[in-house]
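# Working through the structure, step by step
So you can see what is in the structure, the chains are spelled out below.
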Amino acid sequence: MEKAAGCPAVGGSYPQKNAEILSSQYGINLFLAGLLLTFAWAVHAVGISKSHLLSYLITLMLIQLLWMLWYLCRSCMQRRLIRDKDTHAGARWLKCGITLFAVITLILDSFKIGYYIDFSNCLSPTEGIFPVTHAVHTILQVYFLWCHAKDVIQSFKTLERFGVIHSVFTNLLLWTNGVLTESKHQLNEHKERLITLGFGNITIVLDDHAPQCNCTTTTLCSIFSQGIYYLYPFNIEYHILASTMLYVLWKNIGRKVEHHQQNKTPFKFHGITVGMISGLIVLTSTIAIVVVYLIQIGGSKIKSELALTMFYLHAIFVLALMCTAGTVALLIYRREDRSLDNSKNPARKLDAELLVGTAAGSWLLSWGSILAIICAQGHPKYTWYNLPYSVLVIIEKYIQNLFIIESIHREQEKANDDIKTLRIVTISRGSNLSLAPLHKEIYNGRATCDSGDVPCLLKGSICGRENDGAGVAKEETSQDNSLVMHSASDFSFYSRNSVTNNKRRILKNIAAFLFLCNLSLWIPPAFGCRPEYDNGLEEIVFGFEPWIIVVNLAMPFSIFYRMHSAASLFEVNCKT
């Protein structure tokens, strides 16, 4: 009996930290095995083919599908139980974003299925099974994240840790596979462009994984093969967003949640017209620059140099505006005296770490370009624009990271613009209306209703109080006296409130402008406009292969940084 009674105590005292360490080590080994397999396929290792890599990824996705189905079934059976929720995790706008990327990913899978059908004579069956499995995996995973991204799991914690971390690293491997496939395609195009820029001393060997047979329908094959690479950027963003949301879910397992009501922060277009219009101008001009760049680059040496010059000048102008906007926002923060929210929040902590970590990718490329400009023997004219561009990339991300991280850590103001409207109270003479509930609602329970004070009236409205017929004359005298006192206090309150509102309006416009600018700067590298590949100066200084390795490693982080910054700035705009 004593032994039986002691068993729950032993199970209950099992260190959950050990379970976290065990599951994380399992996930890391899972990822490293897949990473090595991906690398072996990329370098054409003997005995390793694409079918081996796809078989490994299919197995991981099937295991995750089984775990998600088990979790969904168990949640359905326990739907009447009250569960803890992390209100900061899985924001609705984040779910909408991942759903959009998932829809485009499903289109990509359909293109892959069509591509396999056209080349079915010489492709492995795994290349047909993979997109089907991936489509089912995508649909179920998006549904799972919509329903359970906020969950704080308190049962089967050890098992759930392994299931969630398996899902995290499965998505990371799918992200790696997408990045590698897209990078190999970009590299082949880059090698062909170098000839037009006059770098003929670089050996051009195309890394081609094309099928060794003819397509059944040439037109459809061309559409599928070209369309796949234009859709890969969305697939890449989908998997990295899914892995971050699942990681927050993993960190929340067994966590004790502080129960407090979170203020809803809906996105509003009101008051951000300047920021939105400025950002849309940048977005439109960036799309135009990318289209012209992709048309001109590789056409001839003159056209390629003009395309690079055009890109650098546009990017320098946009980055300078972003640096200025971020500096103004930080100066406004320095003039405010508001405390920071230091409560435990895995989602917010991950956001800050991702901002700094992924910024290191573009910082690496920028410092490489600066060093190449300094050390190169000859400098074509267009390469000099690369120097201010690289410097501004470093400064802009430094300033923007400070702005975003401070913004997401700042406590929200307890009083907002809606308080002003609630303070306007008009009470008819002789009515029997009680103001105590309204007074409590306005001041969140901190008001002293027994004192008889009520919210004052603004801009000439009368200040009312509950009265009866016997005290009309006395109340009129008291109202006349109180109007003098309240007019002075109201003037002081609204002068301060006006300054605060102006600051908030400026900050919201800056956040909206930076949001659209980050979306604009995500587009060029995501769709093949990469001057780090095309200007050729870095390849001369560092060597072709070493610099290409650096670019292929750093570019995915640089691309993700822009999308993650845009998501964070959207949240900043809602909270401001």
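Because the structure is predicted, anything quoted here is derived from the model rather than measured.

## Structural notes on the overall build of the protein
A tally of helices and strands in the protein yields 17 helices and 0 strands. Relative to all contacts within the protein whose residues are 6 or more apart in sequence, the contacts with residues 24 or more apart total 85%. For the protein, the accessible area works out to roughly 29,000 Å², and carbon and sulfur atoms hold 65% of it.

## Observations concerning the packing of helix H3 (residues 50–77) against helix H5 (residues 126–148)
Two quantities define a packed helix pair, namely the angle between the axes and the distance from one axis to the other. For the pair H3 and H5, the least separation of the axes is 9 Å and the interaxial angle reads 30°. As far as their axial angle goes, H5 and H3 are roughly parallel. Of the two possible hands of crossing, H3 and H5 adopt the one that is left-handed. Each residue belonging to the contact of H3 with H5 can be placed in one class, and the counts come to 17 nonpolar, 10 polar and 2 charged.

## Considerations on helix H10 (residues 346–375)
Helix length check: H10, at 30 residues, gives a terminal C-alpha distance of 44 Å against a target of 44 Å (1.5 Å per residue), a fit within 8%. The largest bend along H10 measures about 25° and falls at Gly361.

## Focus: the environment of Leu355
Looking at where Leu355 falls in the secondary structure, it is placed in helix H10. Not counting residues up to four positions away in its chain, the partners in contact with Leu355 are Asn401, Ile404, Ile405, Tyr561, His564 and Ser565.

## What about the packing of aromatic side chains?
Enumeration according to the criterion identifies 20 aromatic pairs in this entry. Ring centres of Phe234 and Trp522 lie 5.8 Å apart, and the angle between their planes is 65°; on these two criteria the pair is classed as edge-to-face. Of this pair, Phe234 sits in helix H7 (residues 218–251) while Trp522 sits in helix H14 (residues 472–526), and the two are 288 residues apart along the sequence. Classification of Phe234 as buried rests on a relative accessible area of 18%. Residue Trp522 is classed as buried on the basis of its relative accessible area of 6%. Through a chain of ring-to-ring contacts, three or more aromatic side chains come together here, namely Phe101, Phe234, Trp522 and Phe527.

## Side note on the environment of Lys95
Mapped onto the elements, Lys95 comes out in helix H4 (residues 92–118). Among the residues examined, Lys95 registers a relative accessible area of 9% and is labelled buried. In sequence terms Lys95 and Cys147 are 52 residues apart; their C-alpha atoms lie 9.9 Å from each other. Engagement of the side chain of Lys95 in a polar contact is seen with the backbone oxygen of Trp146, the distance being 3.1 Å.

## Points about the nonpolar core
Core analysis: the biggest nonpolar cluster contains 125 residues, and Phe144, Phe311, Met322, Tyr389, Phe403, Leu514 and Trp522 have the highest contact counts within it. Of all the elements, H7 adds the most residues to this core, at 16 residues. No fewer than three residues from each of domain 1 (15–257) and domain 2 (268–411 + 499–575) sit in this core. Apart from residues lying up to four places away in sequence, Trp522 is in contact with Pro233, Phe234, Glu237, Phe527, Ile559, Arg562 and Met563.

## Regarding the pattern of salt bridges
As enumerated under the stated definition, the model contains 7 salt bridges in all. A salt bridge links Lys251 to Glu20; its shortest N-O distance comes to 3.4 Å. Of the two residues, Lys251 sits in helix H7 while Glu20 sits in helix H2 (residues 16–42), which places them 231 residues apart along the sequence. Take Lys251: its relative accessible area is 33%, and that puts it in the partly exposed class. Residue Glu20 is classed as buried on the basis of its relative accessible area, which comes to 16%. Two residues, Glu182 and Arg530, come together in a salt bridge whose shortest N-O distance is 3.1 Å.

## Details of the side chain of Lys508
Within the secondary structure, Lys508 sits in helix H14. Not counting residues within four places of it along the chain, the set of residues in contact with Lys508 comprises Ile272, Asn573 and Thr576.

Rules used in this analysis
Residues numbered from 1 in each chain as written. Predicted model: local features only at pLDDT ≥ 70, side-chain atom pairs only at ≥ 80, totals over all residues. Heavy atoms only, no water. Helix = DSSP H or I, 4+ residues; strand = E, 2+ residues; numbered from the N terminus. Contact = heavy atoms within 4.5 Å. Areas by Shrake-Rupley, 256 points an atom, 1.4 Å probe, with all protein chains shown as cover. Axes fitted to C-alpha atoms, helices over the stretch in contact; angles between N-to-C directions. Parallel < 35°, antiparallel > 145°, perpendicular 65-115°, else oblique. Left-handed = near helix turned anticlockwise from the far one by under 90°. Nonpolar A, V, L, I, M, F, W, Y, C, P; charged D, E, K, R; others polar. Expected span 1.5 Å × (residues − 1). Bend = angle between axes of the 7 residues up to and from the residue. Phe/Tyr/Trp six-rings, centres within 6.5 Å; stacked < 30°, edge-to-face > 60°. Buried < 20%, exposed > 50% of the residue type's maximum accessible area, 1.4 Å probe, protein only. Polar contact = N/O pair within 3.5 Å; in protein donor to acceptor, adjacent residues only side chain to side chain. Core = buried A, V, L, I, M, F, W, Y, C linked by side-chain atoms within 4.5 Å. Domains from an automatic or database assignment. Salt bridge = Lys/Arg side-chain N within 4 Å of Asp/Glu carboxyl O.

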